[in-house]
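Summary of the model geometry
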Amino acid sequence: MRTLIKHIRALSAPADAVIVQGWVRTRRDAKGFSFLELNDGSCLANLQVVVDAGIPGSAHLASFTTGASVVVNGNLVPSPAPGQKWELRATKIELLGTADASYPLQKKGHTLEFLRTIAHLRPRSNLFGAVFRTRSKLAFAVHEFFQSREFIYVHTPIITASDCEGAGEMFRVTTLKGKPDEKPEADFFGKPTYLTVSGQLEGETFACALSNIYTFGPTFRAENSNTARHAAEFWMIEPEMAFCDLPGDMDLAEEFIKAMARYALEHCAEDLAFFAKFVDKGVPERLQFVVERPFVRVPYTEAVGILKQSGKPFEFPVDYGQNLQSEHERFLTEEHFKSPTTVFNYPREIKPFYMRLNDDGKTVTAMDVLVPGIGEVIGGAQREERLAQLQENLEAHQLKPEDYWWYTDLRRYGTVPHAGFGLGFERLLMFLTGVANIRDVIPFARTPGNAEF
Ligand code: 4AD
Ligand code: MG
């Protein structure tokens, strides 16, 4: 039976007759025997294999080069080498696929930029193995977090006709051929449709029936910002809670990020240690801080005051009524508060139509969670549940009420206060691993001008 290297490393006693399959990382030849370092991606560590000259298959040993795929039968014996309990004494080796000298992942370190050009092979590197194992663990942790709290997982559509965020950054989905006389009604769905930027509006309909729900799926934005934190396709987690207000929403957001950090510490220790050593030495301390300390909460108006008084020469001006830029967000969380920070009650003009108007008539119940190194990881709000006010909001944002008839119906029939947020899964991964570019925490990045693979 085939055994994963991860399981071999966890064995408490040596084992006879195991079969291991994987890719050769390196081979060293000595007199009468060779060492193979084998990796199967199940964990960061390689398995050391000792191949004695003359065992079945050893005639092909010269083809066991870096990148080749192999099967090894053997017995596990205690290893004299540091950092590993067992090594595999091969009794038989077999080559599955060769890899010649053009194999691009050689032993020397490669730059992240180079590895992006071979996104089909980079999961075989130590860094990307660690990133994508961590991503998988955390995806599971997301479900565990919400399922254990009785949130119901809802699959919201990828194709939609409504622009949730009102930012106009949508990818059009069409079967029209682009001829001048074609009418929008002739399109596949009889109206213009797009890839969703958020499942929130559909999520709200389910929260207003099932109480607590969450979505977890891909979202798309045609924003032409070629930054280290923006992707055109990214994964978002969007919980929505009926009978919940803004403080309850901020509580859940904070609890969620803390739970993700705790899960990573408990379930991704080997990979986190790798990040700390080779990517960002601040990782362990940061995760511990996130788990242990409450986040700072500050109203937008106060945050603007802090930024103005900071004397910092920001590239973008700070003024009430302006969006906080990434440099402002990072100043607040990295330099001023030195803590994850939730900013709430933003001016209504700079936020989407669905947010609840506060009694001051000027601000809405928005909240953004900012973290060091990244800026915004979460955006959320208590939703406008009052029919008349929602209709006024739609008008103020120059949206057509008839396009949102089903969304306004929720306020017409049994309306309830409700709130939710969206967390960008890649930004969370950047925060937890220290990996600085969003392109390096998503298997195949979709960014402006880039859809290879
Ligand atoms: O702040 P945003 O735009 O909020 C919404 O979409 C709401 N509908 C969420 C809700 O209340 N249910 O996006 C939420 C999060 C951001 O905080 C950020 O982490 C991430 O999604 N995000 C992106 N991540 C990667 N690339 C992009 N282009 C992103 N745009 C937003
Ligand atoms: Mg936002």
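Look up: the structure comes first, before these words.
Residues numbered from 1 in each chain as written. Chains lettered and ligands numbered in written order. Predicted model: local features only at pLDDT ≥ 70, side-chain atom pairs only at ≥ 80, totals over all residues. Heavy atoms only, no water.

**Comments concerning the pattern of salt bridges**
Formally: Put simply, a salt bridge is a Lys or Arg side-chain nitrogen that is within 4 Å of an Asp or Glu carboxyl oxygen. Each helix corresponds to a stretch of at least 4 residues labelled H or I by DSSP, and each strand to a stretch of at least 2 residues labelled E; elements are numbered beginning at the N terminus. Exposed residues in this analysis have more than 50% of their type's maximum accessible area, buried residues have under 20%, and partly exposed residues fall in between, with area computed by a 1.4 Å probe over protein chains only.
This model, assessed by the stated rule, comprises 22 salt bridges. R89 serves as the salt-bridge partner of D52, at 3.3 Å between the closest nitrogen and oxygen. Of this pair, D52 sits in strand β3 (residues 47-52) while R89 sits in strand β5 (residues 86-97), and the two are 37 residues apart along the sequence. Since its relative accessible area comes to 24%, D52 is described here as partly exposed. Using a relative accessible area of 35% as the deciding quantity, one classes R89 as partly exposed.

**Examining the site of ligand 1**
Applied cut-off: Consider each residue's heavy atoms; a residue with any of them within 4 Å of a molecule or strand counts as near. Polar contacts, as counted here, are pairs of nitrogen or oxygen atoms within 3.5 Å of one another; within protein the pair requires one atom able to donate a hydrogen and one able to accept it, and residues that are adjacent in sequence qualify only if both atoms are side-chain atoms. For accessible areas, the Shrake-Rupley method is used with a probe of radius 1.4 Å. Any residue's cover is judged against the shown protein chains and nothing else.
Close contacts around ligand 1 come from 25 residues, with E165, Q200, R221, E238 and E376 the closest. Measuring from a nitrogen atom of ligand 1, one finds a backbone N or O atom of A231 at 3.0 Å. Between ligand 1 and E238, the relevant distance is 2.7 Å, taken from a nitrogen atom to a side-chain nitrogen or oxygen of the residue. For ligand 1, whose accessible area on its own is 630 Å², the fraction buried by protein is 94%.

**A few points about the side chain of T433**
Applied cut-off: Pairs of residues are marked as contacts when any of their non-hydrogen atoms sit within 4.5 Å.
Residue position: T433 is located in helix α12 (residues 425-433). A polar contact is formed between the side chain of T433 and the backbone oxygen of L429, at a distance of 2.7 Å. At 3.2 Å, the side chain of T433 and the backbone nitrogen of V435 are in polar contact. The contact partners of T433, leaving out residues within four places of it in the chain, are T134, F275, V279, V283 and V441.

**Examining the sheet that holds β3**
Worth spelling out the cut-off: Should DSSP find at least two bridges between two strands, the strands are regarded as paired. Between the N-to-C directions of two axes lies an angle of 0 to 180 degrees, each axis being a line fitted to C-alpha atoms and, for a helix, fitted only over the stretch in contact.
Strand order in the closed barrel formed by five strands is β1-β2-β3-β5-β4, and the pairing between neighbours is mixed. Taking the axes of each pair of neighbouring strands and ignoring which way they run, one obtains an average angle of 50° across the sheet. Bridge count for strand β4 (residues 69-78) against β5 is 10 bridges, and the pairing is antiparallel. Looking across to β5, one finds that L76 is bridged to L88.

**Some points on helix α10 (residues 387-396)**
Rules: For this quantity, the arc is that covered by the directions from the helix axis to the C-beta atoms.
Taken together, the buried positions of α10 are occupied by Q389, L390, N393 and L394. All buried residues of α10 fall inside an arc of 145° around its axis, so they share one side. Counted as exposed and oriented over 90 degrees from the buried face of α10: A388 and E395. At the C-terminal side of α10, Q398 shows a positive phi close to 55°.

**Notes on the packing of aromatic side chains**
The line we're drawing: For Phe, Tyr and Trp, where Trp contributes only its six-membered ring, two rings pair if their centres lie within 6.5 Å, and the inter-plane angle classes them as stacked under 30 degrees, edge-to-face over 60, or tilted in between. We call a charge positioned over a ring when the NZ of a Lys or the CZ of an Arg lies within 6 Å of the ring centre and within 35 degrees of the ring normal.
Under the defined criterion, the tally for this structure stands at 22 aromatic pairs. Where F33 meets F35, the ring centres are 5.4 Å apart and the plane angle is 85°; that geometry is what we call edge-to-face. One aromatic cluster is present, formed by F145, F146, F151, Y153, Y214, F256 and F421 through successive ring pairs. The ring of F145 has R149 sitting right over it, with the charged end atom 3.7 Å from the ring centre. Sitting above the plane of the Y407 ring, R411 keeps its charged end 4.1 Å from the centroid.

**Examining the sheet that holds strand β13 (residues 341-347)**
Sheet strands associate in pairs through backbone hydrogen bonding, adopting either a parallel or an antiparallel arrangement. One open sheet holds the eight strands; their spatial order is β6-β10-β11-β16-β15-β14-β13-β12, and the pairing between them is mixed. The open sheet terminates on both sides in strands that have one partner only, identified here as β6 (152-153) and β12 (296-299). Relative to strand β11 (residues 233-242), strand β10 (residues 212-220) runs antiparallel, the two sharing nine bridges. Its bridge partner being in β11, P218 is matched across the sheet by W235. Against the sheet, helix α3 (residues 126-148) makes contact with β6, β10 and β11, and its axis sits at roughly 150° relative to β10, the strand it touches most. Against the sheet, helix α9 (residues 326-336) engages β13, β14 (363-371) and β15 (375-382), with an angle of about 65° to β14.

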